[in-house]
Amino acid sequence: MTAKSENKYDPAAIEKKWHKIWDEQRLFAPDHKTAKKPFYNLVMFPYPSGEGLHVGNCFAFIGGDIYGRYQLMNGYDVFEPMGFDAFGIHSENFAIKKKTHPMKLIPSNIKNFRRQLKQLGFMFDWDHEVQTIDPDYYRWTQWVFLQLHKAGLAYRDKAPVNWCPECQTVLSNEQVISGMCERHPETAVERRDTEQWFFRITDYAQRLLDNLEWIDWSDITKTAQRNWIGRSEGADIEFQLEGCDKRICVFTTRPDTLFGATYMVLAPEHPIVDELTAPAQREAVKRYREEASRKKEIDRLAAGQEKTGVSLGAHAINPITNKPIPIWISDYVLMDYGTGAIMAVPAHDQRDFEFATVFKLPIVQVIDGPDVKQPLEEAYTGDGKMINSAPYDGMDCREVMKKITADLEAKGLARSQVQYRLRDWCISRQRYWGPPIPMIHCEKCGIVPVPQEDLPVRLPEADNFMPDASGRPPLARFEEFYKTTCPKCGKEARRDTDVNDTFLDSAWYFLRYPNTGNDKVAWDPEITRKWLPVDMYIGGNEHAVLHLMYTRFIYMAFKDMGLVEGQEPFKKFRAHGLLIKEGNKMSKSRGNIVTPDDYVERYGADTLRMYLMFLGPFQEGGDFRDTGINGVRRFLERSYRFFAEHCERSKDNGVRMKNEGELAKPLLTKIHQTIRKVTQDIENLSYNTAIAAMMELFNELKAAEKINRWTLESFALMLTPFTPHLAEELWELLGHSETIHRATWPEYDQALATTDTVDIAIQINGKLRGTIQVARDTNREVVESACMEHEKVKQHIEGKTIRKVIYIPNKIVNIVAT
Ligand code: ANZ
Ligand code: ZN
Ligand code: ZN
């Protein structure tokens, strides 16, 4: 080969070459049993959509891969697995659209994804790939269901659930975003009363909340979880009914406002409504309840809605004033929160204020604040002193909250209460493409779990798998599937015909990765102890209250069953930002989804990898524009050429540096500074600034008169996580025969990374008047006298007396002169 052709950067050839070597050397396949320093580096696995991998996926995976490679070079045995979340409505809908059976279509999507991923050179351990649609995987998903059932955490209930008319299935609360279906933002969910399987995630509400105090997660994710769990502290207060010995319990966060409770409101669905309705009101109440049942939750809760309601013609006794107050029903009170009944305090709750205004109900102010207008124009929701509440008048309302609760508690009329917004996880789906729920319904024995040795309950290869509006699941059409015998009594019985929510498939996949291939157990305790919890998890924040909440719950449940160790599944979680395209969200409907293939072909994987990371801060996202990618490609080309030109291979096959010699002091400083910056930036996932620092360093290398081997080696090492193929090639040019991935991350010297000169700001009476450059740690007298010599300073102190000189070493001199 001639020197000329060697100097040309040819990513296609380079990348192919290194993929082969990495594979042969099994470089990224740690031994799960013997690894000494395990590091579990995880990125959220994708669902293999028909469009293929897009750059948004790549963005997330590259960010994870850089982190993993960095840990590898720091001596860890890094396990970075990849898999496919291939069950679920999304995949099924795609198959319906393509008029192809998902069992045929989805595996070919996976194949395409795997090919695309391999092109990009990720350090995924492909020996441990997981596919949720593989019977060897979903038999364990079904096993997970059985474990939860055994622990009393899975139950069947007939409750109003969310039904998406587009998806034609029920959804969990987490899949409903402000009343709309998560995958159909234009479709409001409906309420349906059907029997479904639920997981008791609410049993874990407090633990899910408490651990957020200490887990090392992105703040936005923690906040989203806190809000979703929605803890409210308050009291349950009992109201005696007038004319009978029954009571109604309300939940309130403001027991201090009890003197202002002038009426009561029940949810229209409240079970006591019929009993309380006066004959004259029956017709109106019946009509109102029917209307309410047709309304969507979103409309019921929307702010600014004209308040509606009907009086029942009955009364309850306010337990503190002992006065009767009227009982109403209204749809702004929901049945599935608190007790489904409220004490209405129109002076201090805005919804109650609006309602009382419409129906001319009394408004009694009981808390006075600094600038409350009289008469009230809206509810006063702030704190203040008690009024109209003897014997509590004049006291601070915060104090009274506790006091009223305690006083009523002594009479058996109240107790402190904590409420959560979180609801149990609805797990069944009336769709086809998922693992069948492993339960059998027997007329005699009731619900009987499928014995573990009979797993998996296979999904039948049925042609007519379309969902329908009836709510009857597709599997209910196949007698060969559902007809079975009861494991308990042996009589004819019926299988459950629902499949589980896809989020159950992904709620435990990270436990399977290190254990793939094990057909005896879902996971081996020893391997699991070694590799879990996951050290670093990177993924999208859109999963904050879906996947990330479910996995935490499932893991805690496993922990309580003695199946895993540790409190939490993911030691560290970081949410990546979103990639947009020329200012717009990438979406199918816009037709602006970018796939990596063309870019890999045109520029090479390394250029795409680095470009994506250079677009913006990893945790904030960036805008994909074709124009920017050329700059990165040129940087890589020039780096390659520089190495090819500077590393001269001699006859004896040794490598000699051109211009080798002692580095100039500023360059030496620059290199140490760059290593420090790139190291810290990678640890903080601040990849864009790390890249900028390397580009800056490269410019100085090019301008340098003398360079040495260590300098070039450090540069190549720093490039490795970002552009691993190119880095290998540079390493080879430097004469190494071992892969660069086995080399150690470069170290910087803190002292050498510090510059010798500092800029000192000179202020006069607090105003900046100039700067001077001096050697670091120059003593005070020298700095001061240098300042006094400064032209601007001379001008400004002319004719004044210097009162004081304040000196902050290496930073500021402030002269006070009058
Ligand atoms: C009296 C009161 C006075 C209230 C006041 C608030 C302010 P969070 O914070 O969301 O937990 N509430 C209770 N159950 C309800 C239900 N099922 N549907 C609709 N509203 C309900 O809200 C708790 C407050 O929301 C409770 O405190 C109750 O109104 C209302 F100055 O009671 B409050
Ligand atoms: Zn939907
Ligand atoms: Zn039976």
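Residues numbered from 1 in each chain as written. Chains lettered and ligands numbered in written order. Predicted model: local features only at pLDDT ≥ 70, side-chain atom pairs only at ≥ 80, totals over all residues. Heavy atoms only, no water.

A.B. asks: What should I look at first to understand the UniProt feature "binding site: ATP" (unreviewed entry) in the protein chain in this one?
C.D. replies: Within this structure's numbering, the places UniProt gives as "binding site: ATP" (unreviewed entry) are K588. By secondary structure assignment, the location of K588 is in the loop between strand 30 (584-585) and helix 19 (596-603). Among all residues touching K588, those that are not within four sequence positions of it are E51 and I593. (UniProt positions renumbered as here; feature names shortened; annotations may be inferred. Helix = DSSP H or I, 4+ residues; strand = E, 2+ residues; numbered from the N terminus. Contact = heavy atoms within 4.5 Å.)

A.B. asks: What is the right way to look at the coordination of the zinc ion (ligand 2) in this model?
C.D. replies: Six octahedrally arranged donors around a metal ideally form angles of 90 or 180 degrees; four tetrahedrally arranged donors ideally form angles of 109.5 degrees. Those donors, C164 (SG), C167 (SG), C181 (SG) and H184 (ND1), are the protein atoms that reach the zinc ion (ligand 2), and they lie 2.0 to 2.3 Å from it. Between the four donor atoms coordinating the zinc ion (ligand 2), the angles at the centre fall across 103 to 113°, so the site counts as tetrahedral. For the zinc ion (ligand 2), all donor residues lie on one chain, and their spacing in sequence is C-x2-C-x13-C-x2-H. In this pair, C164 sits in strand 5 (residues 154-164) while C181 sits in strand 8 (residues 180-181), placing the two residues 17 residues apart along the sequence. (Donors = N, O, S within 2.8 Å, 3.2 Å for Na, K, Ca; no water. Tetrahedral: all angles 85-135°; square planar, octahedral: opposite > 155°, others 65-115°.)

A.B. asks: Quick question: what am I supposed to make of the coordination of the zinc ion (ligand 3) here?
C.D. replies: Each protein donor to the zinc ion (ligand 3) is listed here as C442 (SG), C445 (SG), C486 (SG) and C489 (SG); together their distances run 2.2 to 2.4 Å. For the zinc ion (ligand 3), the single-chain donor residues occur in sequence as C-x2-C-x40-C-x2-C. On the accessibility criterion, C486 (3% relative accessible area) is buried. (Buried < 20%, exposed > 50% of the residue type's maximum accessible area, 1.4 Å probe, protein only.)

A.B. asks: Where do I start with the packing of helix 21 (residues 626-646) against helix 25 (residues 724-733) in this structure?
C.D. replies: Between two packed helices, what matters for the description is the angle formed by their axes and the separation of those axes. Their axes nearest at 9 Å, the elements helix 21 and helix 25 cross at an angle of 10°. Between helix 21 and helix 25, the interaxial angle falls into the category roughly parallel. At the point where helix 21 passes helix 25, the crossing takes the left-handed sense. Seen from helix 21, the contacting residues are L636, S639, Y640, F643 and A644; seen from helix 25, they are L726, E729, L730 and L733. Of the residues that constitute the contact of helix 21 with helix 25, the class distribution is seven nonpolar, one polar and one charged. (Axes fitted to C-alpha atoms, helices over the stretch in contact; angles between N-to-C directions. Parallel < 35°, antiparallel > 145°, perpendicular 65-115°, else oblique. Left-handed = near helix turned anticlockwise from the far one by under 90°. Nonpolar A, V, L, I, M, F, W, Y, C, P; charged D, E, K, R; others polar.)

A.B. asks: Sorry if this is basic, but what is going on with the pattern of salt bridges here?
C.D. replies: For side chains of opposite charge, pairing can occur when their charged atoms come near one another. Summed over the entire model, instances satisfying the criterion amount to 43 salt bridges. Among the ionic pairs, E729 bridges to K17, the shortest N-O distance being 3.2 Å. Remark: K17 occurs in helix 2 (residues 11-25) and E729 occurs in helix 25; sequence separation between them is 712 residues. Take K17: its relative accessible area is 28%, and that puts it in the partly exposed class. (Salt bridge = Lys/Arg side-chain N within 4 Å of Asp/Glu carboxyl O.)

A.B. asks: What's the story with the sheet that holds strand 20 (residues 425-426) in this structure? I'm lost.
C.D. replies: The strands making up a sheet associate through hydrogen bonds between their backbones, and the pairing can be parallel or antiparallel. The strand order across the open sheet built from four strands is 6-5-9-20, with neighbouring strands paired in antiparallel fashion. Every interior strand has two partners, whereas the edge strands, strand 6 (169-171) and strand 20, have only one. Judged from the three bridges that link them, strand 5 and strand 6 form a sheet pairing that is antiparallel. The partner of N162 across the bridge, within strand 6, is L171. (Pairing = 2+ DSSP bridges.)

A.B. asks: Which parts of the structure should I look at to understand a positive patch on the surface?
C.D. replies: Together, R634, R638, R641 and K702 line one region of the surface with positive charge. For the positive patch, the leading source of residues is helix 21, giving three residues. Mapped onto the elements, R634 comes out in helix 21. With a relative accessible area of 48%, R634 lands in the partly exposed category. (Patch = residues over 30% accessible without salt bridge, like charges linked within 9 Å, V, L, I, M, F, W, Y side chains within 5 Å. Areas by Shrake-Rupley, 256 points an atom, 1.4 Å probe, with all protein chains shown as cover. Lys, Arg positive; Asp, Glu negative; His and termini not counted. Charge placed at Lys NZ, Arg CZ, Asp CG, Glu CD.)

A.B. asks: It is not clear to me how empty space enclosed by the protein should be interpreted in this structure. Could you clarify?
C.D. replies: Unfilled space is identified by rolling a water-sized probe across the atoms. A complete count under the given rule lists one cavity of 30 Å³ or more for this structure. Considering only enclosed or pocket space, the largest cavity measures out at about 70 Å³ in volume. Surrounding the largest cavity, K295, D299, R300, Q305, E306, K307, T308, S330, D331 and Y332 form its lining. In terms of residue class, the lining of the largest cavity is made up of one nonpolar, three polar and six charged. (1 Å grid on protein atoms, 1.4 Å probe; cavity = no way out; pocket = protein on both sides within 12 Å on 5 of 7 lines; lining within 4 Å. Points joined across faces, edges and corners; volume = space filled by probe spheres on them.)

A.B. asks: Would you mind showing me how to read the packing of aromatic side chains here?
C.D. replies: How two aromatic rings sit relative to each other is set out by the distance from centre to centre and by the angle between their planes. The tally for this structure, following the rule as stated, stands at 58 aromatic pairs. Centroid distance F251 to Y337: 6.2 Å. Interplanar angle 85°. Geometry classified as edge-to-face. Here the residue F251 occupies a position in strand 12 (residues 247-252), and Y337 occupies one in the loop between strand 15 (324-329) and strand 16 (341-344), the gap between them amounting to 86 residues. The same class applies to F251 and to Y337, which are both buried. Where Y432 meets W433, the ring centres are 6.2 Å apart and the plane angle is 25°; that geometry is what we call stacked. In this structure, Y432 and W433 share a single accessibility class: buried. Following the ring pairs from residue to residue traces out a cluster consisting of F45, W217, Y509, F510, Y513, Y537, Y555, F570 and F573. Sitting over the ring of Y599, R602 keeps its end group 5.7 Å from the ring centre. (Phe/Tyr/Trp six-rings, centres within 6.5 Å; stacked < 30°, edge-to-face > 60°. Lys NZ or Arg CZ within 6 Å of the ring centre and 35° of its normal.)

A.B. asks: Sorry, what's going on with helix 26 (residues 780-789) here?
C.D. replies: Along an α-helix, residues three or four apart share an orientation, since each turn contains 3.6 residues. Every buried residue of helix 26 is listed here: V783, E784 and C787. Buried residues of helix 26, seen end-on, are gathered within an arc of 95° and therefore sit on one face of the element. Away from the buried face of helix 26 by more than 90 degrees, exposed residues E781 and E789 are located. (Arc of directions from axis to C-beta.)

A.B. asks: What am I meant to see in the site of ligand 1 here?
C.D. replies: Around ligand 1, the structure places 17 residues, and the nearest of them are S232, T252, L334, Y337 and R421. Contact between ligand 1 and S232: an oxygen atom at 2.5 Å from a side-chain N or O atom of the residue. Interatomic distance of 2.6 Å between a side-chain N/O atom of R421 and an oxygen atom of ligand 1. Coverage of ligand 1 by the protein amounts to 87% of the 640 Å² it exposes when considered alone. (Near = heavy atom within 4 Å. Polar contact = N/O pair within 3.5 Å; in protein donor to acceptor, adjacent residues only side chain to side chain.)

A.B. asks: Would you mind showing me how to read helix 25 here?
C.D. replies: Taking burial as the measure, the 10 residues of helix 25 include nine buried ones, the bulk of the element. Buried within helix 25 we find P724, H725, L726, A727, E728, E729, L730, W731 and L733. Phi turns positive one or two residues past the end of helix 25, at G735, with a value near 100°.

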